[in-house]
Amino acid sequence: KAGVTQTPRYLIKTRGQQVTLSCSPISGHRSVSWYQQTPGQGLQFLFEYFSETQRNKGNFPGRFSGRQFSNSRSEMNVSTLELGDSALYLCASSLVKASGQETQYFGPGTRLLVL
Amino acid sequence: LAKTTQPISMDSYEGQEVNITCSHNNIATNDYITWYQQFPSQGPRFIIQGYKTKVTNEVASLFIPADRKSSTLSLPRVSLSDTAVYYCLVGPSGGSYIPTFGRGTSLIVHP
């Protein structure tokens, strides 16, 4: 089975611009989560989508948004980019079992640099 | 919200067994414990997951005591390629669950 794929892998933007990142989950996985990883703050949860609905949300400003499509693919958008948004953005997909057990599988990430 | 505590760093040598312990005192009844490995600039890679007692797969073992307030990841006979950051994650799926990874344990394996 193919793993989680993320595009693009690298991106350079300037302050004030917006960016859209894409994530394709493992086939059959309906849950997609997004994370931001920086040296200073570590791995932080942004939000999770399940069946096209945002199910959970971390403590990030409204400039960070996302969506999920009917095929479970997901996008996240960051508007009005700030220097501090430079980070590795990770997507993880999971198969939610009836028992509640869930294992997240991560993609390779998108490295965003804001100048 | 299940908070986890791990040692910041550990050193080992090739061929040794490494045990990394994670404390999760307020683990909930339906929480699972999952360990990930991460190399620089890559996404975390799933290693092992368990609920109680002992779980073993081809790369690691996970020991969980009866009270489930801690867990220990055991890596047998480490090699240089095991140098990475290891995270434990506690939680269920669904509901208002905010995955909290903590800072992880930086393992350095020396020749």
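These figures come from a predicted structure and were not determined experimentally. (Residues numbered from 1 in each chain as written. Chains lettered and ligands numbered in written order. Predicted model: local features only at pLDDT ≥ 70, side-chain atom pairs only at ≥ 80, totals over all residues. Heavy atoms only, no water.)

1. Observations concerning the state of the cysteines
Here a disulfide denotes a covalent bond joining the sulfur atom of one cysteine to the sulfur atom of another. The full count for this structure, using the stated rule, is two disulfides over all chains. The residue that forms a disulfide with Cys23(A) is Cys91(A), at a sulfur-sulfur distance of 1.7 Å. A torsion of -55° about the S-S bond marks the disulfide between Cys23(A) and Cys91(A) as left-handed. Separated by 68 residues along the polypeptide, Cys23(A) in strand E3 (residues 19-24) and Cys91(A) in strand E9 (residues 87-94) bring together distant segments of the chain. Given the relative accessible area of 0%, Cys91(A) is considered buried. The disulfide partner of Cys22(B) is Cys88(B), and the S-S distance across this bridge is 1.8 Å. Here Cys22(B) is found in strand E2 (residues 18-23), whereas its partner Cys88(B) is found in strand E8 (residues 84-91), with 66 residues between them in sequence. (Disulfide = S-S within 2.5 Å. Helix = DSSP H or I, 4+ residues; strand = E, 2+ residues; numbered from the N terminus. Buried < 20%, exposed > 50% of the residue type's maximum accessible area, 1.4 Å probe, protein only.)

2. Considerations on the sheet that holds strand E6 (residues 61-64) of chain B
Across a sheet, strands are paired by hydrogen bonds formed along the backbone, either parallel or antiparallel in direction. Residue and element names in this part refer to chain B. Read across the open sheet, the four strands follow the order E2-E7-E6-E5; overall the sheet is antiparallel. With partners counted over all chains shown, the strands left at the sheet margins are E2 and strand E5 (53-56), one partner each. Mean inter-strand twist for the sheet, computed between neighbouring axes without regard to direction, equals 15°. The pairing of E5 with E6 spans four bridges and is classified as antiparallel. Its bridge partner being in E6, Thr-53 is matched across the sheet by Ile-64. (Pairing = 2+ DSSP bridges. Axes fitted to C-alpha atoms, helices over the stretch in contact; angles between N-to-C directions.)

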